[in-house]
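Topology and contacts: notes
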Amino acid sequence: MKKLILVTLATALAWAQAPAADPVVMTVGSEKITKSVFESIIAGLNDQQRAALQQPEARRSLAEQIAELKLMAQEGRARGLDQQLAVQTKIVLQAEQVLANAVYQDMMKVAPSDADMQAYYKEHQNDWTEAKGRHILVRFQGSRVPVRDGGKDLTDEEALAKAKDLRTKILGGAKFADLAKAESDDTGSGENGGDLGSFGPGQMVEEFDKVAFSAPVGQVSEPIKTAFGYHLILIDARGAKKFEEVRDDIEQALKPQIGQKAIEGLKTKSAITYDEGYFGKAQ
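Cut-offs and rules
Residues numbered from 1 in each chain as written. Predicted model: local features only at pLDDT ≥ 70, side-chain atom pairs only at ≥ 80, totals over all residues. Heavy atoms only, no water. Helix = DSSP H or I, 4+ residues; strand = E, 2+ residues; numbered from the N terminus. Rg over C-alpha atoms; globule rule 2.2 N^0.38 Å. Buried < 20%, exposed > 50% of the residue type's maximum accessible area, 1.4 Å probe, protein only. Contact = heavy atoms within 4.5 Å. Lys, Arg positive; Asp, Glu negative; His and termini not counted. Charge placed at Lys NZ, Arg CZ, Asp CG, Glu CD. Phe/Tyr/Trp six-rings, centres within 6.5 Å; stacked < 30°, edge-to-face > 60°. Lys NZ or Arg CZ within 6 Å of the ring centre and 35° of its normal. Patch = residues over 30% accessible without salt bridge, like charges linked within 9 Å, V, L, I, M, F, W, Y side chains within 5 Å. Areas by Shrake-Rupley, 256 points an atom, 1.4 Å probe, with all protein chains shown as cover. Salt bridge = Lys/Arg side-chain N within 4 Å of Asp/Glu carboxyl O. Core = buried A, V, L, I, M, F, W, Y, C linked by side-chain atoms within 4.5 Å. Pairing = 2+ DSSP bridges. Axes fitted to C-alpha atoms, helices over the stretch in contact; angles between N-to-C directions.

Quick notes on the overall build of the protein chain
Counting secondary structure elements, the protein chain contains 12 helices and six strands. Here the protein chain has a C-alpha radius of gyration of 31 Å; the compact-globule value for 283 residues is 19 Å, and the former is much larger. In terms of principal-axis extent, the alpha carbons of the protein chain reach across some 85 × 75 × 40 Å. For the protein chain, buried positions account for 26% of its 283 residues. If you take every contact in the protein chain between residues at least 6 apart in sequence, the share linking residues at least 24 apart comes to 62%. Measuring between centres, the 36 positive side-chain charges of the protein chain sit 4 Å from its 41 negative side-chain charges.

Structure (C-alpha cells):
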C-alpha cells in the first residue's frame, strides 16, 4: 500500500510540474506531440472510432500507430525520399485533399432555408410515408422461418388454403389478433397479435411492401406470397410524418447540396483553363 501511495504522489508531482496548457503526451525521436495535437487527430475520426477511443488501451494503440507513421516519415526524409518529385506531388495533393475536405465541411455548416426544406419535404413526400399494421404468416416448405413447435411443414398449396381459411374466419367476425397469436408462424409478432409497429417504404420485402402501402386501411388483404410464406396483412393506419418530425433529416439531406452549390460558386469566381492539346476538349 505504501509503495502505491508513493507512486501516486510521484505521478501527481510530475503532472504538477508539466505545462498545464498543452502538455507533450508523446515523443517520436526529436518530434513532440502535444495533447491538443493528439486530440485534434481524434476529432478527425468518425463517431464510432471516437467512441472506441474512450478506453485508454485504444488511445495507446492509436498512439503506437501514429508513432510508427512518424518513424517511417522521419526515415523517408533521412533517405531523401521526400525530395523525389513523385513523393512531393503526393504529399501536396494529400495535404490539399485534407484542406479541401475541411472547406467542404465548413461550407455545409450553412443551414438550408425553411423554404428549401419545405420544398424538399413536399418533393419527397413518399419518403416520409409510414404505415402501422399487423400480419399473420403461414409458412410453407422451404420457408425462411422455422416450423412452429408441434406444427406441420405445410406444402405451398396447404399453406395457401390455410391462409384463405384464416381470412374467411376474420371476415366472419374472428379477431385478427387472436388468430395471429394462435396461428401465425411469425411467432415474434404473433405474440403481440401480429403487430408489426410502424414502418416505412422499403423496410419490408417487396411483395409485402407493395400491399402495405396500397391496400385500403382497415381491410384484410388476400394471402400475399413471399419467401417467408403467405401473409394476411391488416394496415391499421397510414400517413406521412409531419414536417417538424423530419426537419433534422431534411437538413442533413440538403447540406451536401449546399456544399456542392458553394463549390460551383467558386468555379464561377475563378478562371480555370485546360490545355486542350493535352487534355482534349470538354465533352
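After that view, the rundown keeps rolling.
Focus: the packing of aromatic side chains
Counted under the stated rule, the structure contains six aromatic pairs. Aromatic side chains Y274 and F279 sit 6.2 Å apart centroid to centroid with 85 degrees between the ring planes, which places their arrangement in the edge-to-face category. Grouping residues by exposure puts Y274 and F279 together as exposed. In textbook terms, an aromatic cluster arises when at least three aromatic residues are bridged by ring pairs, as seen for F199, F208 and F213. Positioned above the aromatic ring of F228, the side-chain terminus of R144 is 5.3 Å from the ring centre. For the cation-ring pair, K225 lies above F140, with the distance from its terminal atom to the ring centre recorded as 5.4 Å.

Thoughts on a nonpolar patch on the surface
On the surface, a cluster of nonpolar side chains totalling about 560 Å² of accessible area is made up of I272, Y274, Y278 and F279. Relative to the helices and strands, I272 resides in the loop between helix 11 (243-269) and helix 12 (276-279). Classification of I272 as partly exposed rests on a relative accessible area of 48%.

So, the nonpolar core
The biggest cluster of nonpolar side chains holds 15 residues, and the ones touching the most others in it are I136, I170, F176 and L232. Among the elements that line this core, the one with the most residues is helix 7 (residues 156-171), at four residues. Setting aside chain neighbours within four positions, we find I136 in contact with L166, I170, F176, L179, A180, S184, Y230, H231 and L232. One finds V28, I33, F38 and I66 within the second-largest nonpolar core, a separate group that totals 10 residues.

Here we look at the sheet that holds strand 6 (residues 229-240)
Spatial ordering of the open sheet is given by 4-3-6-5, a layout of four strands whose pairing is antiparallel. One side of each edge strand has no neighbouring strand; the edge strands of this open sheet are strand 4 (195-199) and strand 5 (224-226). Direction aside, the axes of adjacent strands within the sheet are offset by 40 degrees on average. Examined bridge by bridge, strand 5 and strand 6 share three bridges and lie antiparallel to one another.

Looking at the side chain of S184
By secondary structure assignment, the location of S184 is in the loop between helix 8 (176-183) and helix 9 (187-190). When its relative accessible area of 0% is taken as the criterion, S184 is described as buried. Setting aside anything within four residues of it in sequence, one finds S184 in contact with H135, I136, L137, R148, L179 and G190.

Description of the pattern of salt bridges
Pairing is possible between side chains of opposite charge, provided their charged atoms come close. Evaluation of the coordinates by the stated rule reveals 17 salt bridges. E31 is the salt-bridge partner of K70, the closest N and O atoms lying 2.8 Å from each other. Taken as a pair, K70 in helix 4 (residues 56-78) and E31 in strand 2 (residues 31-34) lie far apart in primary sequence, 39 residues in all. One salt bridge connects K225 with D156, and the closest N-O pair in it is separated by 2.7 Å. Of this pair, K225 sits in strand 5 while D156 sits in helix 7; the two residues are 69 residues apart in sequence, bridging distant segments of the chain. Taking the relative accessible area as the measure of exposure, K225 reaches 42% and is therefore partly exposed.

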